[in-house]
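# Residue-level structural notes
Residue-level listing of the chains:
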Amino acid sequence: MKLSHHKLNAFRLAFTLTFLLACQMLFAGHLQEKYIIYHGKNANSTELAVCDDLKNDIENVTGQKVIVLPEPGKINGEENYFLVGTSTSSALIHQMAEKNTIQWDNEKMGARGGVIQYVKLGKADIIVLAGTTVEGEQNTVYEYSKTELGIDPLSYWTGYKPKKKNERDLYNVSSRIVPSSEVPVICYFENDVDELANMKKPYLEYDMETWKGMVNSLRRIHYNAIQLFDMLGRAEFFTREPYKKLRPNYHTNLKLVDSLIDYAHLKGMKIQIDLSPGYEMRSLTDREALCWTQYRQKWIDTWVYYLTQTPLGKADIFSLRPRNQVWDKAYVSSCGENKAEVFNEVYAALDSILNIYKPNAEKLCICYDDGMEMFNDGFNPPKDFTVVWADDGYCDFSTLPVSTKGYNFGTYMHAGFWKNHTVHDPYPEKIDSVMSFMANKFHATNYIDVNGQTFRPFLLNLEAFGQWAYNPSEFNGRSFYKNWCSYYFGSAGVPFAIASMKALHQAQFGRNGYVQNLSEIKRLIAFLQEENKISQAGNKNALNNKNQFSDLPLRSRWVKIALKEAENGLAKTKDQADFYYDYIYLPALMYSQLLEFENTLLDAARLKIAYMTNDHPKDSLYKAKELMIKASTQLKTIYKTCLAGDINPKWATWYDPAKRRPNNGFPTLDMIASILVNLNKM
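Below or above, wherever it landed, is the structure these notes cover. (Residues numbered from 1 in each chain as written. Predicted model: local features only at pLDDT ≥ 70, side-chain atom pairs only at ≥ 80, totals over all residues. Heavy atoms only, no water.)

Cysteine pairs can be covalently joined through their sulfur atoms, and such a bond is termed a disulfide. For the structure on display, the rule yields one disulfide. Paired through a disulfide, Cys291 and Cys335 show a sulfur-sulfur distance of 2.0 Å. Between Cys291 and Cys335 the disulfide shows an S-S torsion of about 105°. By sign, it is right-handed. In this pair, Cys291 sits in the loop between α13 (286–289) and α14 (292–309) while Cys335 sits in the loop between β12 (317–320) and α15 (339–357), placing the two residues 44 residues apart along the sequence. Sulfur of Cys367: no disulfide; nearest cysteine sulfur belongs to Cys365 and is 3.8 Å away. Overall, Cys367 belongs to the buried group, its relative accessible area being 0%. With no disulfide partner, Cys485 has as its closest neighbouring cysteine sulfur the one in Cys395, 17 Å distant. (Disulfide = S-S within 2.5 Å. Helix = DSSP H or I, 4+ residues; strand = E, 2+ residues; numbered from the N terminus. Buried < 20%, exposed > 50% of the residue type's maximum accessible area, 1.4 Å probe, protein only.)

What follows is the structure, given as structure tokens:
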């Protein structure tokens, strides 16, 4: 039966009206659950980016839609509002501060602080997140996200997701002042980042996802600057064979560098560049780098090239180390120069160049051991340089200033070091004591640069440095340790996580670590592969050097303790993302397996010496061969563990020996086979 034309139209109209009414009701209900973020009409791109971060955070914890809009002349609706900005960018925040609607106190907030406050205006519920500056606005928003919303600032790396929140949770705020960071520049040093840069091809380059994940996390744990180094083309990338094999015909990707800088700037991070002229884009030769007197103009021309012809000119902070200008080692003049006199001239020349091309830039003189010695003697950079004192790689200072000479002072610290590049050395209590000493004794609070190596393994120390620099007087290493572990592993997991990490720290005495042990293994394998007999004195020198092998038993005991404690805590942690396994258990397991392998090689080497020096006892050679079979099994286990890696699939292949940093190499089964061939010939 067909409907008449009029009846059909009436039916369509009724259906349309019913549909529109249903949509209106649905939309009205949705509006009641929607959140609106207002930003100031004069907000810049960084302020808009932090509003977008807040939007994502709220949506993650509520599951509700959030919209971001320019502020109106007046908030008089009945929705749930967030007002984000500064008194400069937001007219509403300026009015609230003027009328004391919010507790605006410039002295308490400082140059990088703000205020979190709930305000009721008519029927409108408003959370005000206001900063004295854009940086203060960021600090305030990220503080709210961490405390009230439960956002893990390191979630990109840990996999941790916040618990669901309702409207009451979001608006049940502790109204408070968010103080300014006490150290004005908290910088992350992007250095020795091989695994991080090898997440995707092409190797030795960040993909933007990784870069964004790092920058976003750093900003949320108080870092406000990042030093680009490896991505500028560090010397090893284009000169050393393992890197040439990994990435043939390497060239600095300046387009990528430009994008990295732009994104960091968008997220409120200053960019620091070290002007040592050794990057692939344009580098001094080794000859030119070792005689300032003869090649002065080459140095100056390279600086000018960096500043005017590359994205490096967009940086905000410029540093220089008074040492070799291509390699990370002391300056040894090839033309009889006095080092202190050379670098007095170098820094004066650089100061003049920066005053011309980057007149508002911050300037740093970063002193490693050789620079410290010169500074304590006759080296004096221009006074507009902040002098930065470097640790020894393990948060200790082998040399201290005789005097600060009236310079602004800062520190260069290591959350991780190349000798423990793979397995972290956790020491928040050490960070507390050593950094507080430097602050109290030398007022070294004008700047901090933190080397985090490949970032992921060193999250604990990275966050501890950031927290200390934000508020040195309130930072407590022991409390930080407990709170950090409690957040990720629950109260039941805290004692096991801390006990394991403390034992892991004890195991790395003598400035040692996983990569340094790889170096020892390399020497043992080289000796075991030798076909020719060498002198008894030579053998003893190779294997009994106290700095090489006598510490192995004690180191092994500490690592076994670390592994046992981590193992005991596996079933007791409340861990939503297997982070306990990946961050606590796996590093201890990898280090333990490596040291067991090294011990086996060492025993075999001693048996070889016994065979060669004690009338050739046959049982020594036979036992050495048996140990090589054991070593082969152990090495297979090491590879299996490395290739299995983290439980979190996001970090699959992280420990793959084929992509790891090549310093000191990685043992192979072919090496063990060649040892057996050699032993069979004896």
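Attention now goes to unusual backbone geometry. Residue Pro202 follows Lys201 across a cis peptide bond; omega there is 0°. Residue placement: Pro202 occurs in the loop between α8 (194–197) and α9 (208–220). Notably, Arg511 is not glycine yet its phi reads approximately 55°, a positive angle. Considering the arrangement of structural elements, one finds Arg511 in the loop between α19 (477–507) and α20 (514–529).

In this structure, Trp303 and Phe465 are the most contacted members of the largest nonpolar core, which totals 175 residues. Ranked by the residues each element gives to this core, the list is headed by helix α23 (residues 579–613), at 21 residues. The contacts of Phe465, once residues within four sequence positions are left out, are Tyr223, Cys395, Met413, His414, Ala415, Tyr427, Ile431, Met435, Ile448 and Val450. Ile37, Cys51, Val84 and Leu170 belong to the second-largest nonpolar core, a separate cluster that totals 23 residues. (Core = buried A, V, L, I, M, F, W, Y, C linked by side-chain atoms within 4.5 Å. Contact = heavy atoms within 4.5 Å.)

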